[in-house]
Amino acid sequence: ASYDMGGHDTYMHKEISEQPDAVDRVLRGRIDDRFSTVHLGGLNLDAREARSIRRIKILGCGTSYHAGLIGAGLIESMARIPADAEPASEFRYRNPVVDPDTLYIAVSQSGETYDVLAAVQELKRKGARVLGVVNVVGSAIAREADGGMYVHAGPEVCVVSTKCFTNTVVAFALLALHLGRIRDLSVTDGKRIIEGLRRLPGQIEEILKSEDDIKKLAKEYAGAQSMMFIGRVRGYPVALEASLKLKEISYIHAEAYPASELKHGPLALIEPALPTVAIVPDDDLLEKNRAALEEIKARSGRILAVAHQTQEKADHTIVVPKNEDELDPILMGIPLQLLAYHTALAMGRDIDKPRNLAKSVTVE
Ligand code: AGP
């Protein structure tokens, strides 16, 4: 399908810019202020069933897998259900233990990714309950799942996913809040998260306004051979996704590591020619993250921080608005979409159609 670019030069730029509206859409009609919760009618999961879930396993590929990693963190922190994410294809081929008390969640923008669909079919054959977190309405994965939620990002044309990633993470925040309020999340915390969710579209708008500054930064980093992305706990999947985005469209080699793993190996790579992008939210791990910046600086590494306040050890900081700690990863990913975009643009890449990639991988 082809859609109007609406005055943008690329679909990617259009889709990045659409995020305030897209996030507004995924929230719309779902928030219940009276009980500080959200209604997710399509889940097909009543309160008693929701209480009996012992684990959650999230499956997806690429960007959707990364959204699932953030989703698992949101579910663990808000609903206190052990949760993790795994690439769907890995899961499928390792003969996983399928447990009746585990809720499985398949994540997909297109709803047609073969590895995810095959994982869902295998799970269902073994009697598991599988939900879908999907963008395309009526797609194969949406039809195959026992229930789920649509992420309402709208059509995404660019091969690399941006707005759908953001909306999928917001959808997981809604699911985590919903499950949390059935279990042990307090009314006060529910209210706090709802207020945070409502702030997102305006805050994304604010981040998008700093595009010119990010564009300048991108020019500085466009010559790099390779880049390192680091983050800790909530920040780590943000680093993973930002590094994937950069490699997909700029073809710059990039690695993502948990900041805590630096000293266990990757620190050996640090030198002036290898810039590091560091995710440094103002949360309980701020001091730990700052220590990582110091380690990099001590090896003369260049640092670009994405943070809530200017980082002294960094060469540059992109300051993003603060939200609730749980929701910070949603905002911290956005300037890095723009960084990847402008880096690729400065290098003359074909942004909407990167080499060797297809929008949806419907074969094995
Ligand atoms: C996104 O930028 C990628 N091109 C890719 O990793 C994608 O996320 C993956 O193939 C999964 O696609 P899906 O979400 O449509 O299932």
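Everything quoted here is computed from the prediction, not taken from an experiment. (Residues numbered from 1 in each chain as written. Predicted model: local features only at pLDDT ≥ 70, side-chain atom pairs only at ≥ 80, totals over all residues.)

Our focus in this paragraph is the overall build of the protein chain. A tally of helices and strands in the protein chain yields 14 helices and 12 strands. For 364 residues, the compact-globule estimate of 2.2 N^0.38 gives 21 Å, and the protein chain sits close to it at 20 Å. With the C-alpha coordinates of the protein chain rotated into their principal frame, the extents come out at 55 × 45 × 40 Å. When burial is assessed residue by residue, the protein chain has 53% of its 364 residues classed as buried. (Helix = DSSP H or I, 4+ residues; strand = E, 2+ residues; numbered from the N terminus. Rg over C-alpha atoms; globule rule 2.2 N^0.38 Å. Buried ≥ 20, exposed ≤ 12 C-beta atoms within 10 Å, placed from the backbone.)

Further remarks concern unusual backbone geometry. The backbone phi angle of Asn-95 is positive, close to 50°, even though this residue is not glycine. With respect to the helices and strands, the residue Asn-95 is situated in the loop between α5 (88-93) and β5 (102-108). When the 8 C-beta atoms within 10 Å are taken as the criterion, Asn-95 is described as exposed. Residues other than glycine seldom take positive phi values, yet Val-233 does so here, at roughly 50°.

Over its 22 residues, helix α9 (residues 187-208) runs 32 Å from end to end, which matches the ideal 32 Å to within 8%, given 1.5 Å per residue. Among the residues of α9, Gly-190, Ile-193, Ile-194, Gly-196, Leu-197, Leu-200, Gln-203, Ile-204 and Ile-207 are the ones counted as buried. (Expected span 1.5 Å × (residues − 1).)

A few words on the environment of Gly-348. In this structure, Gly-348 sits in the segment after α14 (334-346). In this structure Gly-348 comes out as exposed when scored by C-beta crowding, with 8 C-beta atoms within 10 Å. Considered as a pair, Gly-348 and Ser-250 are 98 residues apart in the sequence and their alpha carbons are 8.5 Å apart.

Walk down a regular strand and you will see the side chains alternate between the two sheet faces. Sheet analysis places strand β8 (residues 226-231) next to strand β9 (residues 253-258), joined by 6 bridges and oriented parallel. Bridged to Met-228 within β9 is Glu-255. Where the polypeptide runs from β8 across helix α11 (residues 235-250) and back to β9, its parallel neighbour, the crossover connection is right-handed. (Pairing = 2+ DSSP bridges. Right-handed = clockwise from strand over helix to strand, strands pointing away.)

It is worth spelling out the sheet that holds β9 at this point. Strand order across the open sheet formed by 5 strands is β9-β8-β10-β11-β12, with parallel pairing between neighbours. Looking at the sheet topology across the chains shown, the edges are occupied by β9 and β12 (316-319). The sheet shows a mean angle of 20° between the axes of neighbouring strands, taken without regard to direction. (Axes fitted to C-alpha atoms, helices over the stretch in contact; angles between N-to-C directions.)

So, on to the nonpolar core. Ranked by size, the top nonpolar core spans 122 residues in total, and within it Ile-75 and Ala-106 carry the most contacts. Those residues in contact with Ala-106 that lie beyond four places of it in its chain are Leu-59, Gly-60, Val-116, Ala-119, Val-120, Val-130, Gly-132, Ile-141 and Ala-145. (Core = buried A, V, L, I, M, F, W, Y, C linked by C-beta atoms within 7 Å. Contact = placed C-beta atoms within 7 Å.)

Turning to the site of the ligand, a few remarks are in order. Among the 16 residues in the neighbourhood of the ligand, the closest are listed as Gly-62, Ser-108, Gln-109, Ser-110 and Thr-113. Top element by residues in the shell around the ligand is helix α4 (residues 62-79). It accounts for 3 residues. In terms of residue class, the shell around the ligand is built from 6 nonpolar, 9 polar and 1 charged. (Near = placed C-beta within 6 Å. Nonpolar A, V, L, I, M, F, W, Y, C, P; charged D, E, K, R; others polar.)

What follows is about helix α12 (residues 286-298). Taking 1.5 Å per residue as the helical rise, α12 with its 13 residues ought to reach 18 Å, and the 18 Å between its terminal C-alpha atoms agrees with that figure. Asn-289, Ala-292, Leu-293 and Ile-296 are the residues of α12 that are buried. Projection of α12 onto a plane perpendicular to its axis shows the buried side chains occupying an angular sector of 100°, all on one side. Among the exposed residues of α12, those pointing more than 90 degrees away from its buried face are Glu-287, Glu-294 and Ala-298. (Arc of directions from axis to C-beta.)

Taken in spatial order, the 5 strands make up an open sheet running β4-β3-β5-β6-β7, and their pairing is parallel. Edge positions in the open sheet fall to β4 (83-87) and β7 (147-150), since each of these has one partner strand only. Here the strands of the sheet are splayed against their neighbours by 20° on average, with no regard to which way each runs. Each of β3 (55-60), β4 and β5 is contacted by α4, which is oriented at about 170° to β4, the strand it contacts most. Sheet strands in contact with helix α8 (residues 163-182) are β5, β6 (129-134) and β7, and its direction is about 135° off that of β6.

This brings us to the packing of α4 against α11. Direction vectors running N to C along α4 and α11 enclose 165°, while the axes themselves pass 9 Å from each other. The orientation of α4 relative to α11 falls into the category roughly antiparallel. When you trace α4 past α11, the crossing you get is left-handed. Here α4 contributes Gly-62, Thr-63, His-66, Leu-69 and Ile-70 to the contact with α11, which in turn contributes Pro-237, Leu-240, Glu-241 and Leu-244. A class-by-class count of the residues in the contact of α4 with α11 yields 5 nonpolar, 3 polar and 1 charged. (Parallel < 35°, antiparallel > 145°, perpendicular 65-115°, else oblique. Left-handed = near helix turned anticlockwise from the far one by under 90°.)

Next up on the list: the environment of Arg-302. By the secondary structure assignment, Arg-302 is in the loop between α12 and β11 (303-307). Among the residues examined, Arg-302 registers 22 C-beta atoms within 10 Å and is labelled buried. For the pair Arg-302 and Ile-270, spaced 32 residues apart in the sequence, the C-alpha separation amounts to 8.8 Å. The contact partners of Arg-302, leaving out residues within four places of it in the chain, are Pro-272, Pro-275 and Asp-315.

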